[in-house]
Amino acid sequence: MVPVFLAQWMKEKRSPYIVLIFCVLSIVLSLLFGSSTGMQIKIDAFPGEGLTEVEAKQWVDRLNEKGSFDFTLRSEEKALADVKQGRSDMAVKLLKDDYRVISIMEGGNANLVQQHLQVIYTEELKIRAVAQHSNDAVQFRESLKVYLEQPPLTLQSSKPTGEELQSYNMRLQLLFGFTLFLVMFTIGFKVNAVTAEKVSGIWNRVILSPVTKTEMYLGHLTYSTLIGIIQIAIIFAIYKYVLGYDLGVNFLFLSTISVLYILSIVAMSMLFTGMFRTPEQFRAFFSSVVPIMPPLSGVYMPPGTITSEIMLFISELFPIKHAMDALIGVSMYQLGWEDIYLPLAKLLLMTVIFFGVGINLVERRNA
Amino acid sequence: MLETVELSKSFKGKTVVDNVNLYLERGESIGLLGPNGAGKSTTISMISSLLVPTNGDVRLHGKSIVKNPQEIRKVLGVVPQDIALYEELSAYENLVFFGRIYSLPKSMLEHKIQEVLEIVGLRDRQKELIKTYSGGMKRRINIAAALLHDPQIVIMDEPTVGIDPQSRNHILETVKLLNREKGTTVLYTSHYMEEVEQLCNRMYIMDHGKVIASGTKEELGRILSSEDTILLQLDGYNEVVIAGIRSIDSVRHVEETVQGLKLIVTKQSRVLSAIVQCTERHGVQINNMHVQTPSLEDVFLHLTGRTLRD
């Protein structure tokens, strides 16, 4: 087993680029997509009939108060031209006590903006109506502001355990998602060495030595597992210690879930190895099928986005789904072992089945 | 030392090796000859325990190795037809790997690597990557990898296919050195008759999965002792001329070669005049006629009706 393992390591030393490229890609992609998930939606606004620049500016300030949208005051021509030419989704025409949303299509962000405008306009118009009945409108507004800052009643939300509610960390989900996704490629290409050695004749040559077939499989599979663990460890270590990011999970959870996931991917790659005769066929299949797994498993989307029963069923067959469930569970919902034993058991079961069928297929092909 | 008994192998109902009996004595160099598809590689795969025979047995010192292949694996070095090396590693690193799989102790490994590199003449190129080597150099390292553990028997499966003359000569010299100076038993398969004639004490000729002849060079030559080979160069000929020559009683076989027509004829005085009369009758002029003792290539042609390279 050791010579086979060392031979793979010697090859790796000569060409470590795959592991390094996938490490960098994991970090870059999760940073890139993670940062875009919290971004404000930018919307152009322009004053309509009967609204002065100053009044329009007051409406824009009011609309930007909550921080979830970024309204910018522009000229009508420029705002409408951008919508027409597809450079922006929509523009908002501000009126004295009303508004118009100008958009080329319905749905998506337009609904969110419409909802936001409705809330702010209703609130502001109510305040203005009340202010008309006061003697000093400016003084009324100041009093209202102070009053709202120190309300008589406050509402606090918490978890059933009494802990503070945390907002969902999409960046962390993407970090886990891209890391687990890209490590599949590294492992797949390493396990593919079995097929490559069979085609080149090295496999048969080693069989004729005192090294047994079991030792050869162990050498290859141990190496692929270890290289997968190293890749994941490098990415998480860079995130935690270099970028100072809180992974929200302790080392024992992280390493157990990662190792089980990697074992299941090694086994899945072995299954694919048994299905193909040449390394080229394996690569073509692997590169086509693996990228489908994360989107079907909802890895890039907030939880609950996928509702199709069929997609949910298919995703159950992919190890990445169960590894993500376990990682998100422990990092974001502070679940314990008793809560994540099911996804871990599924990973273990997949490992056993994939290995069994895969090695059987490889050996049948040789018989 | 090593023998096969009624060895047969079938794939999906098709018999590719059929009742092959052969033996190797210690220190012998045996040639296994045959055209592509004759069953040579399948035979040596069974001898080396890579394939399980459908029928028959392989015996090492009288003991079957079919159920206990570890015995032969200890004493065997196999040079496969393919270049079974890691292309992305250097020659030295490849040899380290093959030394390790035979559990050579670290102290001995370095010495053995340098020794086999010396034998194949690539000691000064050992640090270069295999993928940068020429086809001939790769084949030489392919051989070196099989010699690291000092095997008693070396099986070489067409080790000179598709390489330059310099590497070919080097490989042939290596085989001679192994057999004559180190006493290694060699089973050498090839479809180059001249290589087998040069290297081997005895040879087996295979065709369509069967051994069709065996013996020393002299014994095989005697198969055609009552025949001569005539090389006939004409100023032009066609199928009618060939048919005319073929119809002469003493002519056993006619084959077109790049040098002209090659005829295998029964030894008798009147055959030459019959050939001359036939060509005159067809209006064809003889430019050259050469009568020679049949070679082993001719023996093969006689036995199978085709050349080794067909």
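Residues numbered from 1 in each chain as written. Chains lettered and ligands numbered in written order. Predicted model: local features only at pLDDT ≥ 70, side-chain atom pairs only at ≥ 80, totals over all residues. Heavy atoms only, no water.

Visitor: Can you help me understand the overall build of chain B in this one?
Guide: Scanning chain B for helices and strands turns up 11 helices and 14 strands. Along the three orthogonal principal directions, the C-alpha set of chain B runs to about 75 × 45 × 35 Å. Relative to its full complement of 310 residues, chain B shows a buried share of 54%. If you sum the accessible surface of chain B, you get close to 13800 Å²; carbon and sulfur atoms cover 46% of it. (Helix = DSSP H or I, 4+ residues; strand = E, 2+ residues; numbered from the N terminus. Buried < 20%, exposed > 50% of the residue type's maximum accessible area, 1.4 Å probe, protein only. Areas by Shrake-Rupley, 256 points an atom, 1.4 Å probe, with all protein chains shown as cover.)

Visitor: Looking at this structure, how should I read the environment of Thr216(B)?
Guide: Take Thr216(B): it is sitting in strand E10 (residues 210-216). Aside from chain neighbours lying at most four places away, what touches Thr216(B) is Asn201(B) and Arg202(B). (Contact = heavy atoms within 4.5 Å.)

Visitor: It is not clear to me how unusual backbone geometry should be interpreted in this structure. Could you clarify?
Guide: Glycine aside, a negative phi is what most residues show, and trans is what most peptide bonds show. Positioned with a positive phi, Gln334(A) is a non-glycine residue whose angle comes to about 50°. Of note, Gln334(A) is situated in the loop between helix H15 (319-332) and helix H16 (337-366). A positive phi is found at Lys12(B), a non-glycine position, where the angle reads about 50°. Structurally, Lys12(B) can be placed in the loop between strand E1 (2-11) and strand E2 (14-24). For Lys12(B), a relative accessible area of 90% translates into the label exposed.

Visitor: Is there a simple way to explain the packing of helix H11 (residues 251-275) of chain A against helix H12 (residues 279-289) of chain A in this structure?
Guide: Two quantities define a packed helix pair, namely the angle between the axes and the distance from one axis to the other. Residue and element names in this part refer to chain A. Look at H11 against H12: their axes get within 9 Å of each other, and the N-to-C directions meet at 130°. Between H11 and H12, the crossing angle belongs to the class labelled oblique. Relative to H12, H11 is oriented so that their crossing is right-handed. Mapping the contact onto sequence places Met 268, Ser 269, Phe 272, Thr 273 and Met 275 in H11 and Phe 282, Phe 285 and Phe 286 in H12. Residues belonging to the contact of H11 with H12 are distributed by class as follows: six nonpolar, two polar and no charged. (Axes fitted to C-alpha atoms, helices over the stretch in contact; angles between N-to-C directions. Parallel < 35°, antiparallel > 145°, perpendicular 65-115°, else oblique. Left-handed = near helix turned anticlockwise from the far one by under 90°. Nonpolar A, V, L, I, M, F, W, Y, C, P; charged D, E, K, R; others polar.)

Visitor: Would you take a moment to explain the packing of helix H3 (residues 53-64) of chain A against helix H5 (residues 109-132) of chain A for this structure?
Guide: Residue and element names in this part refer to chain A. Contact pair H3 / H5: the axes reach a minimum separation of 10 Å and the direction vectors enclose 120°. Helix-helix and strand crossings are classified by hand; for H3 and H5 the assignment is right-handed. Across the interface between the two elements, Trp 59, Arg 62 and Leu 63 from H3 touch His 116, Leu 117, Ile 120, Tyr 121, Glu 123, Glu 124, Ile 127 and Arg 128 from H5. Of the residues assigned to the contact of H3 with H5, the class counts are six nonpolar, one polar and four charged.

Visitor: Honestly, the packing of aromatic side chains in this entry has me stumped. Any pointers?
Guide: When we look at a pair of aromatic rings, we describe it by the centre distance and by the angle of the planes. Residue and element names in this part refer to chain A. Evaluated as defined, the whole model comprises 20 aromatic pairs over all chains. Seen in terms of ring centroids, Phe 5 and Tyr 223 are 5.3 Å apart; in terms of plane orientation they differ by 75°. Their pairing is edge-to-face. Placement of Phe 5 in helix H1 (residues 2-14) and of Tyr 223 in helix H10 (residues 213-242) is noted, with a sequence separation of 218 residues between them. Both residues of the pair, Phe 5 and Tyr 223, count as buried. Plain terms: the ring middles of Phe 69 and Phe 71 are 6.2 Å apart, the flat faces sit at 50° to each other, and that makes the pair tilted. The pair Phe 69 / Phe 71 is uniform in exposure class, with both members buried. (Phe/Tyr/Trp six-rings, centres within 6.5 Å; stacked < 30°, edge-to-face > 60°.)

Visitor: Honestly, the domain arrangement of chain B in this entry has me stumped. Any pointers?
Guide: Interface extent is often summarised as the accessible area lost during association of the parts. Residue and element names in this part refer to chain B. Domain parsing of chain B yields domain 1 (2-220) and domain 2 (225-304). If you average the C-alpha positions of domain 1 and of domain 2, the two centres end up 38 Å apart. Every contact between the two is made by 12 residues of domain 1 and, on the other side, six residues of domain 2. Where domain 1 touches domain 2, the interface holds zero salt bridges. Scanning the region where domain 1 abuts domain 2 turns up zero residue pairs in polar contact (both at pLDDT 80 or more). Among the elements that line the side of domain 1 that touches domain 2, the one with the most residues is strand E9 (residues 202-207), at four residues. Class assignment of the residues belonging to the side of domain 1 that touches domain 2 gives a composition of eight nonpolar, one polar and three charged. (Domains from an automatic or database assignment. Salt bridge = Lys/Arg side-chain N within 4 Å of Asp/Glu carboxyl O. Polar contact = N/O pair within 3.5 Å; in protein donor to acceptor, adjacent residues only side chain to side chain.)

Visitor: Please clarify how the interface of chain B and chain A should be interpreted in this entry.
Guide: Chain B puts 26 residues into the contact, and the matching count from chain A is 20 residues. Summed over both sides, the interface between chain B and chain A buries roughly 2200 Å², with carbon and sulfur atoms accounting for 66% of that surface. Together, Leu50(B), Tyr86(B) and Ile101(B) form the three largest contributors to the area buried by chain B at its contact with chain A, with a combined 27%. At the junction of chain B and chain A, the tally comes to one salt bridge. A salt bridge links Glu93(B) to Arg14(A); its shortest N-O distance comes to 3.0 Å. At the boundary of chain B and chain A, one finds five residue pairs in polar contact (both at pLDDT 80 or more). Of the residues forming the side of chain B that touches chain A, the biggest block, five residues, is contributed by helix H3 (residues 91-101) of chain B. Residue classes in the side of chain B that touches chain A are distributed as 16 nonpolar, five polar and five charged. (Buried area = accessible area lost by both parts, 1.4 Å probe.)

Visitor: What am I meant to see in the sheet that holds strand E4 (residues 99-103) of chain A here?
Guide: Hydrogen bonds between backbone groups are what pair the strands of a sheet, and the pairing can be parallel or antiparallel. Residues and elements named next belong to chain A. Across the sheet, which stays open at both edges, the four strands sit in the order E2-E1-E3-E4 with mixed pairing between neighbours. Taken across any chain shown, the strands that pair with only one partner, and hence form the sheet edges, are strand E2 (69-73) and E4. In this sheet, neighbouring strand axes are inclined to one another by 30° on average, regardless of whether the strands run parallel or antiparallel. Judged from the four bridges that link them, strand E1 (residues 41-47) and strand E3 (residues 90-94) form a sheet pairing that is parallel. Within E3, the position partnered with Pro 47 by the bridge is Leu 94. The strands that H5 touches are E1, E2, E3 and E4; relative to E4, the one it contacts most, it runs at about 170°. (Pairing = 2+ DSSP bridges.)

Visitor: Would you mind showing me how to read the nonpolar core here?
Guide: Side chains that are nonpolar tend, in soluble globular proteins, to be buried together. The biggest cluster of nonpolar side chains holds 128 residues, and the ones touching the most others in it are Met184(A), Tyr261(A), Ile320(A) and Tyr188(B). Beyond its immediate chain neighbours, meaning those up to four positions away, Tyr188(B) contacts Ile30(B), Gly31(B), Leu32(B), Met156(B), Pro159(B), Thr160(B), Leu172(B), Val175(B), Glu195(B), Val196(B), Leu199(B) and Cys200(B). Ranked by size, the runner-up nonpolar core spans 26 residues in total, among them Leu208(A), Leu7(B), Val17(B) and Leu24(B). (Core = buried A, V, L, I, M, F, W, Y, C linked by side-chain atoms within 4.5 Å.)

Visitor: Sorry if this is basic, but what is going on with the environment of Asn169(B) here?
Guide: Residue and element names in this part refer to chain B. The residue Asn 169 is located in helix H6 (residues 165-181) in this model. On the accessibility criterion, Asn 169 (47% relative accessible area) is partly exposed. A C-alpha to C-alpha distance of 41 Å links Asn 169 and Val 276, two positions 107 residues apart in sequence.

Visitor: Sorry, what's going on with the UniProt feature "transmembrane region" (unreviewed entry) in chain A here?
Guide: Residue and element names in this part refer to chain A. When the UniProt feature table is mapped onto this chain numbering, "transmembrane region" (unreviewed entry) sits at residues 15-33, 174-196, 216-239, 251-272 and 340-362. Secondary structure within residues 15-33 divides into 89% helix and 0% strand; the distance between the first and last C-alpha atoms comes to 29 Å. As annotated, residues 174-196 comprises 96% helix and 0% strand, and the C-alpha atoms at either end are separated by 33 Å. (UniProt positions renumbered as here; feature names shortened; annotations may be inferred.)

Visitor: Whenever I open this one, the domain arrangement of chain A confuses me. Can you help?
Guide: The domain architecture assigned to chain A consists of domain 1 (2-35 + 168-366) and domain 2 (40-149). Placing the centre of domain 1 of chain A and that of domain 2 of chain A at their C-alpha centroids yields a distance of 49 Å.

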